[in-house]
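Notes for the structure review
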Amino acid sequence: MSRFWSNIVSELTPYIPGEQPKLPDLVKLNTNENPYGPSPQVLAALHEAANDSLRLYPDPSASELKQTLADYHGLNSAQVFVGNGSDEVLALAFMALLKHDAPLLFPDISYSFYPVYCKLYGIDYRTVALDDAMRIRPEDYQGPCGAIIFPNPNAPTGVDLPLAGVETLLRAHPDAVVVVDEAYVDFGGESAVALVERYPNLLVVQTFSKSRSLAGLRVGCAFGHADLIEALERVKNSFNSYPLDRLALAGAVASLHDEAYFQQTRQAVIASREQLTKDLAALGFEVLPSVANFVFARHPQHDAAQLAAGLRARCVIVRHFNAPRISQYLRISIGNPAECAALMAALRALL
């Protein structure tokens, strides 16, 4: 601790991202990255954009990307916001929309960045317990609140809340913003973007990192009523008016134009997830019903931390959370068939 730190820095407990180890022959299944590379159209767009124009600032409004996203989802560009990864979009939403006198509500098992943002921005919050099946129950969110946020499908469980449940929350809290964090929705979930026109209190946040294979470019977006988007723009332009660089903008637009590649790779991930779920169950694992690009599993006869360590010794990395209620689970990202086979071989050796 330095004497030059502000008070808020000394009190923070920062978010810890998934490890990015530099090990040879590594099977990396710990950070939910897409096992398939970006669309060839993306790579071509990046090559074309890497020219003398990089001396110029990018479009601060990201107009082309916003319009492309609006066209893709049947919205208008005033209902679209973009930022430097969905984490930045979420950070701006916490500041612009989620700080109120009443507490912010989110699940007790959820994205661990949420309490970090609350601490950073001085937001009062209350967690709501998932049920015994690790599901979000809308009826548990009764009563007054400042706002609500949750991932859908949830992370790290992979379990989704059906769209009818999202609507229940929106109708029950018409005067509170409901943020649906859809980082993994393209792998089998049902997006709430379809509800944006009907509910002015809904903000849907998505990312290009997972299903678009662009984690290295850092592109996130949000969809909502123009009033909510304006709030995000006001905060963004008070913090960083150029959050997306020229390469990120070009790559993101190109990815939206290659629908065939998007569908091909996401279906490949879904197929691998279903096969991995069956293979894990055959080894005695209990696997939660996931619609994400990862599974959340535990073995009733083996300690999760020891399994994670044993896999690491065999150059297979998965994510273990030493947290209440989930300390015996492993979160396993969906790899390509060869990576899933390597995982299963290592688990068979351990068990």
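Residues numbered from 1 in each chain as written. Predicted model: local features only at pLDDT ≥ 70, side-chain atom pairs only at ≥ 80, totals over all residues. Heavy atoms only, no water.

Following the sequence through the fold, Ala250 ends up in helix H8 (residues 246–257). Separated by 56 residues in sequence, Ala250 and Ala194 place their C-alpha atoms 26 Å apart. Ala250 has contacts with Ala45 and Ala49, leaving out every residue within four places of it along the chain. (Helix = DSSP H or I, 4+ residues; strand = E, 2+ residues; numbered from the N terminus. Contact = heavy atoms within 4.5 Å.)

Because each turn of an α-helix spans 3.6 residues, side chains separated by three or four positions end up pointing in the same direction. Given a rise of 1.5 Å per residue, 12 residues ought to cover 16 Å, and the 17 Å separating the end C-alpha atoms of H8 matches this to within 8%. Burial in H8 covers these residues: Ala248, Leu249, Gly251, Ala252, Val253, Ala254, Ser255 and Leu256. Elements that come into contact with the buried residues of H8 comprise helix H2 (40–49), helix H3 (63–73) and helix H9 (259–282). If you check the start of H8, you find a side-chain oxygen 3.0 Å away from the backbone N of Leu247, and it comes from Asp245. (Expected span 1.5 Å × (residues − 1). Buried < 20%, exposed > 50% of the residue type's maximum accessible area, 1.4 Å probe, protein only. Polar contact = N/O pair within 3.5 Å; in protein donor to acceptor, adjacent residues only side chain to side chain.)

Take the UniProt feature "domain: Aminotransferase class I/classII large" (unreviewed entry) in the protein next. The feature "domain: Aminotransferase class I/classII large" (unreviewed entry), as annotated in UniProt, sits at residues 25–347 in this numbering. Taken as a whole, residues 25–347 contains 37% helix and 15% strand, while its terminal C-alpha atoms sit 17 Å from one another. (UniProt positions renumbered as here; feature names shortened; annotations may be inferred.)

Note on placement: Ser61 falls in the loop between H2 and H3. Residues Ser61 and Phe81, spaced 20 residues apart in sequence, show a C-alpha to C-alpha distance of 9.1 Å.

Once that is clear, we can look at the pattern of salt bridges. Taken as a whole and judged by the stated rule, the model has 11 salt bridges. One salt bridge in this structure joins Lys28 and Glu33, with 2.8 Å as the shortest N-O distance. Among the ionic pairs, Arg135 bridges to Asp131, the shortest N-O distance being 3.0 Å. With a relative accessible area of 45%, Arg135 lands in the partly exposed category. Through salt bridges with shared partners, a single network forms among Lys66, Glu233 and Lys236. (Salt bridge = Lys/Arg side-chain N within 4 Å of Asp/Glu carboxyl O.)

What follows deals with the pairing of strand E3 (residues 104–107). Relative to strand E4 (residues 125–128), E3 is paired through 4 bridges, and the arrangement is parallel. Among the inter-strand pairings, Leu104 is bridged to a residue of E4, identified as Tyr125. Remark: the E3/helix H5 (residues 113–121)/E4 crossover connection has right-handed handedness. Across 2 bridges, the pairing between E3 and strand E5 (residues 147–151) is parallel. Bridge pairing in E5 links Leu104 to Ala147. (Pairing = 2+ DSSP bridges. Right-handed = clockwise from strand over helix to strand, strands pointing away.)

Further remarks concern the sheet that holds strand E13 (residues 330–333). Hydrogen bonds along the backbone pair up the strands of a sheet, which may run parallel or antiparallel. Strand order in the open sheet formed by 4 strands is E9-E10-E13-E12, with antiparallel pairing between adjacent strands. Bordering the open sheet on either side are strand E9 (286–287) and strand E12 (319–320), each of which pairs with just one other strand. Note that E9 and strand E10 (residues 294–298) share 2 bridges and pair antiparallel. Note that in E10 the partner of Val287 across the bridge is Ala297. Across the sheet, H9 lies against E9, E10 and E13, angled at about 10 degrees from E10, the strand it touches most. (Axes fitted to C-alpha atoms, helices over the stretch in contact; angles between N-to-C directions.)

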